[in-house]
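Listed below, chain by chain, are the residues.
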Amino acid sequence: MFHQTGIKTAVILALLAGLAAYAALGGYFARELVIEIATLAILAISLDMVAGFGGMVSLCHGSIFGLGAYGFAVAATLLGLPPGLALVAGIALGALFGGAVGAVTSRARGIFFIMATLAFGQMVYVLIFDARALGGDDGLPGVPRLDLSALGVDLQSSLQFALFAIACLGLVYALAAFVLRSGFGRTLCGIHANEARMRALGIPVWQYKANGFALSGAMAGFAGALAAQHTMFVSPEMMVWTVSGEALVIVILGGMGTLVGPAVGAALLILLRHEIASLTNHWHMVIGIVLIVTVLAGGRGLYGQLEHMVQARRERVKAHA
Amino acid sequence: MSKLKGLAAGALALAALSTASAAEAETRVGLLLPYAGVYAALGEEIDAGFQLALEEAGMTDEFAIVREDTEVKPPVGLAKARKLVLEDEVDVIVGLVSSGVLGAVRDFVDGAQVPLIVANAGNDDATGSRCSKYITRVSFSNGQVNRPMGQWMYDQGIRKVYTLAPDYAAGRQMVGAFAEAFRQAGGEIVGEDFTPFRKTQDFGPYLTKAKAAGPDAIFVFYAGGEAISFVKQYDSFGIKADIPLYGSGFLTSPLYVNAEGPAAEGVVTALHYVPTIDTPENRAFVEAFRARTDRAPSEYAVQGYDAGRALIEAVKSGADSREALASALAKVTYTGPRGPVKIDPATNNIVQNIYVYETIKGDGGLTQKIVGTVEAVADAPNGCKL
Amino acid sequence: MLADPSTWIVQGLNGLQLSMLLFLLSVGLTVIFGLLHFVNLAHGALYALGAYAGVSAVWMLGSYWAAFVLAPAAVALAGTVLYLGLIRRMRRSGPMNQVLVTFGLIFVFLDIFRIVWGDIALGIDAPAFLAGPVEVLGVAYPAYRLFIIALGAAVMAGLGLVLSRTQIGAMIRAGVDNDRMAACLGLNVERIFFVVFCVGCALAGLAGVVAAPVFSVTPDMGTQILIPTLIVVVIGGLGSLKGAVAGSLIVGFTQTFGAVLAPQLAAVAVYALLAGILIFRPAGLFPARG
C-alpha cells in the first residue's frame, strides 16, 4: 500500500529543490544533466507504478518512452500540429501501447511477463528503426519545444527548460501519488499482493492491469515527449532495450515500490556516471561495481534503505513508548 | 628623416609584435569522439591522427584541446556539443564518428554558428540536403567511397552483381551508390539483401541466397565485427572459389583485417586511404604514426590527421574567429597522405582520390595492394545550397 | 531459386547450426533458472569470456583444440569464483536484486574485455582440417558448421543421458522439482547447485569458443546474444532440457528461414513468435514444473 509519509515528502521536495539549485547555479552542462535526470526520473516513476506497486515488472518502458518521443516529433514535424497537441499525441500513444501490452500479457507471470514485455518493446523498436518515412536510424530533426510564451516562459532557454522539466517531475510524482492512494491504486496493490483473492472478490483483474499499464504508459510517453523537446531530435536509439534495462536498474537502485526511490536513483546514476566518466574511460566497470555493492549492502535500494531505517526507528520508539 | 625612419621602424616592430601575440592566442578545439564503449578504438585512432598533425606542424602549443565523449548516443553527443560551445567556448569542434550524433548536432552547430570538422560520420545528407556553411567534412561521404566501384567493376568485365549490406541508413547509402553507378555503366544487380543491423552475425542464409542467384561477383558493405564474420563465413562456405568478393574498403580495413585471416586474401575493395599509398607524404605519415602507436595507420587515423591539417591550414591563413575559421576551412587545399585533397565549395565535402585495392599476404600480416586509383572524386550537390 | 532443393538443404543446415549454438548457451541458463531460481543476465558475458579465453589460448598455444578444452575450463573457474563470491549470497535475494547484480556484472565484464583484450574486434581461425566446405547431402557446406551441429547433438544426448539415467541427474531433477523437499530427503542441494552452476558456465564458455571462428570476438558480443538466449529459454520453458531443445530449434529455424523468405519481417518474427507463445502458453512450451 502506498502512503505519502513524511520522509517521502521531505526527500522528494529536497530532490526537486536540489535539482533546481544545481540548474540555476551550475554551468550549461549542469542544466543538460538536470533535464536528463528529470526525464529519466519521470520514466522511472512510471515504471515503479506498475512494477513496484502493481507487481508487473516491465522491460518495454524504454519503448513506450520512445513512442512518446516519436509521437510528439512526428505530430509536430511531419503532421504540422502545434506542439501542445503534439504533446497530447505523444502521451496518448504511450497510453494506448501501454494499455495494449498490459491487457495482452495479463496472464503471464514473473520472468515470462518480463520477456513478453521485452518482446513487444523490441517489435516497436524494429518497426520504428525500419520506418524510413520516419527517418529510420538517422532520426527526425527539427523537433520544436512547447510554446509557453503566454505564461511568460521561454523554453528555448536552457535554464527555463530545466526548471520546466523539474516542475513536470513534481507534477508527475503528485499525480502518481494521488492515483496510488485512490481506490484504483489500492486495488492494483491488492492484485500485486494476492491476485487470486482479488479475482475471488469479483474484480476484473486484467482490466485493472491494463488500465494501470495505460496510465504508466501515458507518463512514460510524457517523459519521452519531454526528452524529444530537450534534444529537439529523435532517433530509434531512444527505444533500445538497454533503455528499458537502465530504467529498471534505476528503479531498483533507488528502491522499488517507494515512488520516491526511482527519482533519487535517476539523479544518483546520472550524476555518478558523469563524475566517473570525467575521471576514466572505464566507467562501465565502476558503475557495475557500484550496482553490485548496493545490492550486497542492503538490497532495498538506496532510498528504500533510508526509508526502512527511518521506519524501523519509528517502530522502536513506538514500542518503547 | 632618420627620426621618421626610426619611428616607422618602431611602428613596424610594434605591429609585428602585436600580430605575433595575436597569433599566439590559442585556438580552442573541442574533440567530440567516442572514448568509452565499443567504438572507442575509432575515437582513439582519430585522436591520434589529429595530434600527429599538430605535432608535425610544430603547433601543439597553439591549440587548447577539450575532449568530450559522445558515447555514440545522439542526445549525449548533443549535450556535450552544447557544453563545448557554451561552457568551454571552443572556436571549432572536431570529430563525430556516428552519423546519428551528427544528425542530432547539425542544427545546433548551424544555429550557434560554430565550425564543425567532421572526422568520420559519412551520412550523405550532411553534405547534401542538410549541409551547412559551418560543417566541413574531411572524412568521406557514403556515396563517394562506393560510386567509383560501379564503373571500375564494369570495366573489369563483371556484368551481374549481388549486393549485401546491414539494414541501416549508411548501409543503404553505400550499396545504393554502388548499385546506381554500376547500373549506369551497364551492369545488372541480380539481387540485394539488407541484413538486420548489428543483430546478424550469421550470414549463412544470406550467402546461400547470394550464391543461388548466380552473380559474377558479390559487392558488400560491412564494418567492424560484422565485416570479420562476413569475410570468414564467405570463405568457409567455399563461395570464395566460385564468386569473387568486392566491397567498400571498410570490409578489409587495416584496423582489423588481420582478424579475418587468409579468408580476406584476394578481396578487392575501394577506400579513400590505405597505408600502402606510395607517395612521400604518406610514407612520412605512416612512419610517424608507427613510431607513435606501434601499428600501421588506418583510414580513421588519416581522417583525424586531415582534420588537424585542415584546421592548421585555416589557422595559418589568419582565421581567428569562428566565422573566419568556417570560411577558411571551406577553402583548404593541400597534398596529404591520401593524395591531393580539397574541399568542394558546393557541398563542403572533401574531394579526394579513391583507391581500389586488393588484400594480399605480406610480411607481418595482410597488406593492401593498390590496383586502381580514381582521382578527384566529388559528390553531386544532392540538394545542398550553400 | 526457391524451388531448388539444394538451397533448402543448405538453409536447413544453417538453421540447425544456429539452433545448436543457441542450445549450448540456453541449456546452461535454463537449468540455472529452473534449479537455482537465479536470474543470470551475465550468462552472455560468460559466453564472451569463453570466446576471449579461446582467443588467448590460440595466441599462446597456437592450437584451436587447446582453446576448445581450456576456454570452458576457464569460464567454469570464473563461474566458481562468481558463485562462491556473489551468487551463493544472492540466491534467496529475490529476482529484482539478482537482475541488478547481474546487470552490474555485465558492465564489469564489458570493461574487463576492453582492458585486457582491447576495443578492436578479434578473430581466430577454425582448425585446418575443418576449414572450408565438404560435400554433404549433395551440397557443399562448411565443415566447421557441421562440427557445431555434431557437437550440439552430442551435448544434447550426453545431458539427456546424465539427467535421465544417472543418480546425479535424478538429484538435479528432484532439485528442480522441489528443492526444499529434496533437501529434506537428505540431498546436498547446495553442492548440486554449485555443480550445476559451474557446468552451466562451462557450457556458455564452450559456446563462446565454438562460435569464435565463425563470428568475430567483440566486447559487446555477450549483450548481443543475451536476448536470443533469453527468448529461447522462455519459449522452451524454464528448467527443462526438452524446453531448451525445442526453444533453440524454433528460434534457430525462425531466424534462418525468416531471413531467407521475408527479410524485412525477419527482425520482428522472433519477437512476434515469443509474444504469441507467451499469450497462449504463459509458462513456455515445456516447463519443468507443470
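Residues numbered from 1 in each chain as written. Chains lettered and ligands numbered in written order. Predicted model: local features only at pLDDT ≥ 70, side-chain atom pairs only at ≥ 80, totals over all residues. Heavy atoms only, no water.

Participant: What should I look at first to understand the overall build of chain C in this one?
Facilitator: Along its length, chain C carries 11 helices and 2 strands. Along chain C, helices (α) and strands (β) appear in the sequence α-α-α-α-β-β-α-α-α-α-α-α-α when read from the amino end. The principal-axis extents of the C-alpha atoms in chain C amount to approximately 60 × 50 × 35 Å. The buried share of chain C, taken over its 290 residues, is 61%. The long-range share in chain C, meaning contacts at least 24 apart out of those at least 6 apart in sequence, stands at 78%. For chain C, the exposed surface amounts to about 10,600 Å²; the carbon and sulfur share of it is 71%. Here chain C carries 13 positive and 9 negative side-chain charges, and the mean point of each set is 17 Å from the other. (Helix = DSSP H or I, 4+ residues; strand = E, 2+ residues; numbered from the N terminus. Buried < 20%, exposed > 50% of the residue type's maximum accessible area, 1.4 Å probe, protein only. Contact = heavy atoms within 4.5 Å. Areas by Shrake-Rupley, 256 points an atom, 1.4 Å probe, with all protein chains shown as cover. Lys, Arg positive; Asp, Glu negative; His and termini not counted. Charge placed at Lys NZ, Arg CZ, Asp CG, Glu CD.)

Participant: Got a minute to help me understand the overall build of chain B in this structure?
Facilitator: Along the backbone of chain B there are 12 helices and 14 strands. In terms of overall dimensions, chain B is globule-like: its C-alpha atoms have a radius of gyration of 22 Å, near the 21 Å expected for 386 residues. Relative to its full complement of 386 residues, chain B shows a buried share of 63%. Sequence-distant contacts in chain B: of pairs separated by 6 or more residues, those separated by 24 or more amount to 68%. Per element, the accessible surface of chain B, about 13,500 Å² overall, is 52% carbon and sulfur. Across chain B, 36 positive and 47 negative side-chain charges occur, with their mean positions spaced 3 Å apart. (Rg over C-alpha atoms; globule rule 2.2 N^0.38 Å.)

Participant: I keep staring at helix H5 (residues 142-155) of chain B and nothing clicks. Help me out?
Facilitator: Owing to its 3.6 residues per turn, the α-helix aligns residues three or four sequence positions apart on the same side. Burial runs high along H5 of chain B: 10 of the 14 residues are buried. Buried residues of H5 of chain B: Asn142, Gly143, Gln144, Val145, Asn146, Pro148, Met149, Gly150, Trp152 and Met153 of chain B, and no others.

Participant: What should I look at first to understand the sheet that holds strand S3 (residues 92-95) of chain B in this one?
Facilitator: Whether parallel or antiparallel, the strands of a sheet pair through hydrogen bonds between backbone atoms. Residues and elements named next belong to chain B. Overall, parallel pairing links the 5 strands, which are arranged S2-S1-S3-S4-S5 in an open sheet. The open sheet has two free edges, formed respectively by strand S2 (63-69) and strand S5 (135-137), since each of these has just one partner strand. Direction aside, the axes of adjacent strands within the sheet are offset by 25° on average. (Pairing = 2+ DSSP bridges. Axes fitted to C-alpha atoms, helices over the stretch in contact; angles between N-to-C directions.)

Participant: Can you help me understand the interface of chain C and chain A in this one?
Facilitator: Accessible area lost on assembly of the parts is the figure often given for the size of an interface. Listed as interface residues are 39 residues of chain C and, on the opposing side, 36 residues of chain A. Interface area, chain C with chain A, both sides summed: about 3,400 Å², of which 83% is carbon and sulfur. Of all residues in chain C, Met96, Leu100 and Tyr271 of chain C bury the most surface against chain A, accounting for 18% of the area lost on that side. Remark: the boundary between chain C and chain A carries 0 salt bridges. At the boundary of chain C and chain A, one finds 5 residue pairs in polar contact (both at pLDDT 80 or more). Taken together, the elements giving at least two residues each to the side of chain C that touches chain A come down to helix H3 (64-90), helix H4 (95-117), helix H9 (221-236) and helix H11 (263-280) of chain C. Looking at which element gives the most residues to the side of chain C that touches chain A, the answer is H4 of chain C, with 15 residues. Of the residues assigned to the side of chain C that touches chain A, the class counts are 31 nonpolar, 5 polar and 3 charged. (Buried area = accessible area lost by both parts, 1.4 Å probe. Salt bridge = Lys/Arg side-chain N within 4 Å of Asp/Glu carboxyl O. Polar contact = N/O pair within 3.5 Å; in protein donor to acceptor, adjacent residues only side chain to side chain. Nonpolar A, V, L, I, M, F, W, Y, C, P; charged D, E, K, R; others polar.)

Participant: Sorry if this is basic, but what is going on with the interface of chain A and chain B here?
Facilitator: Listed as interface residues are 21 residues of chain A and, on the opposing side, 31 residues of chain B. Here chain A packs against chain B, burying approximately 2,100 Å² in sum over the two surfaces, 57% of which is carbon and sulfur. Of all residues in chain A, the largest losses of buried area upon contact with chain B belong to Tyr28, Phe29 and Asp138 of chain A, amounting jointly to 25% of the total for that side. Linking chain A with chain B are 1 salt bridge, by the criterion used here. For arginine 82 of chain B, the salt bridge is made with glutamate 32 of chain A, and the minimal N-O distance between the two is 3.0 Å. Across the contact surface, chain A and chain B share 7 residue pairs in polar contact (both at pLDDT 80 or more).

Participant: How should I be thinking about the environment of leucine 146 of chain C in this particular structure?
Facilitator: Looking at the element boundaries, leucine 146 of chain C is found in helix H5 (residues 143-165). With residues up to four places along the chain from it excluded, the contact list for leucine 146 of chain C reads Leu13, Val134, Val136 and Tyr141 of chain C.

Participant: For this particular structure, what's the right way to read the confidence of the model for chain C?
Facilitator: Atomic detail in the predicted coordinates should be set aside for any region of low pLDDT. Chain-level statistics for chain C give a pLDDT mean of 88 and a share of 98% at 70 or above. This prediction of the complex comes with two scores: 0.88 for pTM and 0.87 for ipTM. (pLDDT = per-residue confidence, 0-100.)

Participant: Mind showing me how you'd approach the environment of serine 141 of chain B here?
Facilitator: All names here are of chain B. Looking at the element boundaries, serine 141 is found in the loop between S5 and H5. Remark: the alpha-carbon pair of serine 141 and asparagine 349, spanning 208 residues in sequence, is separated by 7.5 Å. Discounting chain neighbours no more than four positions away, the residues touching serine 141 are Gly122, Asp124, Thr127, Asn349 and Asp379.

Participant: Honestly, the side chain of aspartate 220 of chain C in this entry has me stumped. Any pointers?
Facilitator: The residue aspartate 220 of chain C is located in the loop between helix H8 (189-211) and H9 in this model. The contact partners of aspartate 220 of chain C, leaving out residues within four places of it in the chain, are Val38 of chain B together with Leu110 of chain C.

Participant: Help me out: how do you make sense of the nonpolar core in this one?
Facilitator: The tendency in soluble globular proteins is for nonpolar side chains to be buried side by side. Residues Leu259 of chain A, Phe230 of chain B together with Val210 of chain C are the most contacted members of the largest nonpolar core, which totals 312 residues. For this core, the element with the most residues is helix H2 (residues 28-53) of chain A, which contributes 17 residues. When near neighbours in sequence (up to four residues on either side) are disregarded, phenylalanine 230 of chain B contacts Leu164, Phe203, Leu207, Val220, Tyr222, Leu245 and Leu251 of chain B. Listed in part, the 22 residues of the second largest apolar core include Leu78, Val85, Val109 and Ala121 of chain B. (Core = buried A, V, L, I, M, F, W, Y, C linked by side-chain atoms within 4.5 Å.)

Participant: Sorry if this is basic, but what is going on with the pattern of salt bridges here?
Facilitator: For side chains bearing opposite charge, pairing can occur when the charged atoms are close. According to the stated counting rule, one finds 27 salt bridges over all chains in the structure shown. Here arginine 273 of chain A makes a salt bridge to glutamate 36 of chain A, at a shortest N to O gap of 3.8 Å. Of this pair, arginine 273 of chain A sits in helix H11 (residues 261-277) while glutamate 36 of chain A sits in helix H2, and the two are 237 residues apart along the sequence. The residue lysine 83 of chain B makes a salt bridge to glutamate 68 of chain B at a minimum N-O spacing of 2.7 Å. Separated by 15 residues along the polypeptide, lysine 83 of chain B in helix H3 (residues 74-87) and glutamate 68 of chain B in strand S2 bring together distant segments of the chain. Of the two residues, lysine 83 of chain B and glutamate 68 of chain B, neither departs from the other in class, the shared state being buried. Salt bridges linked by common partners bring Glu68, Lys80, Lys83 and Asp88 of chain B together as one network.

Participant: Sorry if this is basic, but what is going on with helix H10 (residues 280-293) of chain B here?
Facilitator: Residue and element names in this part refer to chain B. The end-to-end C-alpha distance of H10, which contains 14 residues, comes to 20 Å, matching closely the 20 Å that a straight helix rising 1.5 Å per residue would cover. Burial in H10 covers these residues: Asn282, Phe285, Val286 and Phe289. Down the axis of H10, the smallest arc covering the buried residues is 100°, so these residues share one side. Set apart from the buried face of H10 by more than 90 degrees, the exposed residues are Pro280, Glu287 and Ala291. Looking at the buried side of H10, the elements it contacts are helix H2 (40-57) and helix H11 (299-316). At the C-terminal side of H10, aspartate 294 shows a positive phi close to 70°. (Expected span 1.5 Å × (residues − 1). Arc of directions from axis to C-beta.)

Participant: How should I be thinking about the pairing of strand S6 (residues 160-166) of chain B in this particular structure?
Facilitator: Two faces belong to every sheet, and in a regular strand the side chains alternate between them. All names here are of chain B. Judged by how many residues are buried, S6 sits mostly within the fold: 6 of 7 residues are covered. For S6 and strand S7 (residues 188-195), the ladder comprises 7 bridges, and the chain directions are parallel. Bridging from a neighbouring strand, lysine 160 pairs with glutamate 188 of S7. This β-α-β element, S6 to helix H6 (residues 169-185) to S7, shows right-handed connectivity. (Right-handed = clockwise from strand over helix to strand, strands pointing away.)

Participant: What is the right way to read the packing of H2 of chain A against helix H6 (residues 158-181) of chain A from this model?
Facilitator: The axes of two packed helices give the description: the angle between them and the distance between them. Residues and elements named next belong to chain A. For the pair H2 and H6, the least separation of the axes is 8 Å and the interaxial angle reads 10°. By the angle between their directions, the pair H2 and H6 is classed as roughly parallel. Every pair of crossing elements has a handedness; the one defined by H2 and H6 is left-handed. Along the lines of polarity and charge, the residues of the contact of H2 with H6 split into 20 nonpolar, 1 polar and 2 charged. (Parallel < 35°, antiparallel > 145°, perpendicular 65-115°, else oblique. Left-handed = near helix turned anticlockwise from the far one by under 90°.)

Participant: Sorry, what's going on with unusual backbone geometry here?
Facilitator: Leaving glycine aside, a negative phi is the common case for residues, and trans is the common case for peptide bonds. Residues other than glycine seldom take positive phi values, yet aspartate 294 of chain B does so here, at roughly 70°. Inspection of the secondary structure puts aspartate 294 of chain B in the loop between H10 and H11. Of the residues examined, aspartate 294 of chain B reaches a relative accessible area of 69% and is grouped as exposed. Notably, histidine 37 of chain C is not glycine yet its phi reads approximately 50°, a positive angle. The topology assignment puts histidine 37 of chain C in the loop between helix H1 (5-36) and helix H2 (43-61).

Participant: So what exactly am I meant to see when it comes to the packing of helix H1 (residues 6-25) of chain A against H6 of chain A here?
Facilitator: Residues and elements named next belong to chain A. Remark: H1 packs on H6, axes separated minimally by 9 Å, with the N-to-C direction vectors making an angle of 170°. With respect to H6, the axis of H1 lies roughly antiparallel. Contact residues: H1 offers Lys8, Ile12, Leu16, Leu19, Ala20, Ala23 and Ala24, while H6 offers Leu159, Ala162, Leu163, Ile166, Leu169, Gly170 and Tyr173. Here the residues of the contact of H1 with H6 sort into 12 nonpolar, 1 polar and 1 charged.

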